[in-house]
Structure formats: structure tokens, C-alpha cells
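# Structural features, examined
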Amino acid sequence: MSAEKLLYKGKAKSMYETADPRVLRVWFRDEASAFNGVRVEQLPGKGEINNKINAFVMQFLANEGIPTHFIGLDGPEHSLVRPLKMLPVECVIRNRAAGGIVKRLQMPLGTEFSTPIFEFFYKNDALGDPMVNESHIITFGWATAEQIVDMKLLTQRVNALLSKLLADKGMILVDLKLEFGLNDGMLTLGDEISPDGCRIWDSETKKILDKDRFRQELGEVVEHYREIAKRLGVPA
Ligand code: 5GP
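I will try to describe carefully the structure that is included in this document. Every chain is numbered independently, its residues counted from 1 as its sequence is written. Residues qualify for local features only when their pLDDT is at least 70, as the model is predicted, and side-chain atom pairs are given and counted only at 80 or more; totals for whole chains, interfaces and linings, by contrast, use all residues. Excluded from the side-chain calculation are hydrogens and water; included are all heavy atoms of the structure.

## Considering the environment of Leu154
Threshold: To qualify as a helix, a DSSP run of H or I must reach at least 4 residues; to qualify as a strand, a run of E must reach at least 2; elements of each kind are numbered from the N terminus. Burial status follows relative accessibility: with a 1.4 Å probe on protein chains alone, a residue under 20% of its type maximum counts as buried, one over 50% as exposed, and anything between as partly exposed. The contact rule is simple, with two residues in contact once any of their heavy atoms fall within 4.5 Å.
By secondary structure assignment, the location of Leu154 is in helix H4 (residues 145-167). What makes Leu154 buried here is its relative accessible area of 16%. Sequence separation of Leu154 and Phe180 is 26 residues, and the distance between their C-alpha atoms is 9.5 Å. Not counting chain neighbours up to four residues away, the residues in contact with Leu154 comprise Ile66, Pro67, Phe180 and Leu187.

## Some remarks on the pairing of strand S14 (residues 186-189)
Selection rule: By this definition, two strands are paired if DSSP reports at least two bridges between them.
For strand S13 (residues 180-183) and S14, the ladder comprises four bridges, and the chain directions are antiparallel. Within the sheet, the bridge partner assigned to Gly181 lies in S14 and is Thr188. Linking S13 back to S14 in an antiparallel pair, the connection comprises two residues, with Asp184 at a positive phi of about 50°.

## Quick notes on the sheet that holds strand S9 (residues 89-96)
Strand pairs in the sheet, formed through backbone hydrogen bonds, run parallel or antiparallel to each other. Here is the rule we go by: As a rule, the C-alpha atoms of each element are fitted with a line to give its axis, helices using only the stretch in contact, and angles between N-to-C directions run from 0 to 180 degrees.
The five strands lie next to each other as S11-S10-S9-S12-S15, forming an open sheet whose pairing is antiparallel. On the outer flanks of this sheet lie strand S11 (131-132) and strand S15 (198-202), each paired with one strand and no other. In this structure, S9 lies alongside strand S12 (residues 171-178), joined through four bridges in antiparallel fashion. Residue Val92 lies in a different strand from S12, and its bridge partner there is Lys177. Along the sheet, H4 makes contact with S9, strand S10 (112-122), S12 and S15, crossing S12 at roughly 155°.

All quantities given are derived from atomic positions and should not be read as evidence of function.
So this is what it looks like as C-alpha cells:
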């Protein structure tokens with residue numbers, strides 16, 4: 001595996017070429033980073049639990065008809081995926097107020113929205129992933145008008161499916177970040193879906209189960225990711 005060419009190293013994942021140009025290998029590392037890489041720590045076991053949660057969720061979504069890059073698990077911390085030409089935007093959907101929107105609009109934490117709020121962000125670490133709108137995306141050529149419509153529809157559908165999946169297991173999907181790319185021109189869900197990129201609370205107690213435990217230094221990060229996995233029935 002170490003002989004494979006590293007294509008990309010992100011904050012929590014590394015992507016490798018394989019012998020098959022139609023297959024890439026993703027390594028979910030144990031690193032956790034917050035505040036655009038200002039705080040980085042090793043959280044033993046995070047890579048493995050995120051790899052398993054991501055596999056479970058991606059397979060669930062594929063079964064529901066969502067096109068994803070996911071092929072299959074390839075060991076405790078690795079998965080195989082299709083190569084995508086990624087669109088440089090993040091799609092964030094919010095069911096309740098937390099994080100960025102609480103700061104930006106000064107609204108009470110946990111405020112429930114009558115309809116989910118959708119936001120685009122430009123993926124650019126140097127700029128701190130600024131919020132952008134459809135006009136920026138089209139003018140700067142980051143995606144077409146049709147791809148924008150499809151990203152919003154797919155994000156809304158994924159949000160509805162995962163909100164229900166989690167609600168049935170006593171959890172609230174507060175918000176969610178998705179990234180898309182093109183697979184032979186077809187808009188496809190890429191990146192990962194794990195507690196690193198969404199907010200999940202316990203329905204009753206509103207206890208934080210996601211990466212905000214790391215951002216807010218609440219401790220027991222991996223233990224709470226494992227709690228999510230256990231409730232979802234993710235195979236150990
Ligand atoms: P916020 O805008 O409130 O900081 O984030 C909204 C949602 O998107 C949260 O669930 C957060 O975890 C996710 N998110 C936003 N940007 C990033 C990012 O760069 N990396 C990851 N892993 N998640 C992000």
C-alpha cells in the first residue's frame with residue numbers, strides 16, 4: 001500500500017492511486033483538526049470509526065438511489081472509491097442553528113428551521129472557505145447552473161434520508177456538509193459522511209455526539225463517534 005502514489009493529503013484523509021485507474025484508495029487518518037488547521041490532534045481510533053460510519057452511510061444512500069463515489073471497505077481505516085473531478089464548493093444544509101449560522105446571525109443555539117437552510121461555501125483553505133452564492137459559482141465557473149440545481153436537490157434528499165435514519169435511533173441531524181464531483185460527467189456524492197462533517201445531537205438530552213466535541217474541547221470524541229455507530233448498527 002505504501003508504494004501507491006499519494007494523490008492528495010487532506011486534514012483527515014489521504015487519497016492514493018491504485019493499480020486500477022478507475023479506483024482510488026482513501027485512508028481515514030486519526031488526525032482531527034479545527035479552526036482551519038490551527039488545532040491538530042491525534043485521536044486514536046477516529047480513522048477506523050469514521051471509515052466504518054462513512055461506509056455504512058454511503059451504502060445506505062446508494063441503496064436509496066443517491067449516486068456516490070463509494071465502492072467498498074478495504075480494511076479498518078481504508079475504503080475504495082471512484083475518482084471524481086471535484087467541484088470546489090461545499091454544500092451545507094441546516095435543520096437547526098449551530099456553529100457558523102449562530103455566530104453570523106446571532107440566533108439561539110438549536111433554533112429549529114421550518115425548512116432546512118441551504119448554503120454554499122467556496123472550498124479554499126487560504127480564504128477560510130468563505131460563503132458564496134450561485135452567482136459567484138456560475139461566474140467563476142466552479143459549477144454550471146444545472147449542477148447547482150442538482151447539488152441542492154441531492155443535498156436536500158440526503159438530508160431528509162439521514163435525518164430520518166438518525167431520528168429513528170434517537171438522534172438529531174443538526175446540519176450536514178456534502179461535497180460533489182463528476183464521474184464521467186455525472187454529478188456524484190464524494191468526500192465522506194461522518195461525524196467530522198455534520199452535527200449530531202442526542203434527541204432527548206441534546207448531548208453533542210459529533211466533531212463539536214473536539215472543537216469545543218468537550219473530550220471523549222471517539223467514544224461519542226462510536227456511540228453514533230452503535231446506535232446506527234454500523235458493523236464493528
Ligand atoms: P459551520 O458553517 O456551522 O461551521 O458548519 C456547518 C456544517 O458543515 C458542520 O456540520 C461542519 O462540521 C461542516 N463543515 C463545514 N466546513 C467543513 C470543513 O471544512 N470540513 C468538515 N469536515 N466539515 C465542515
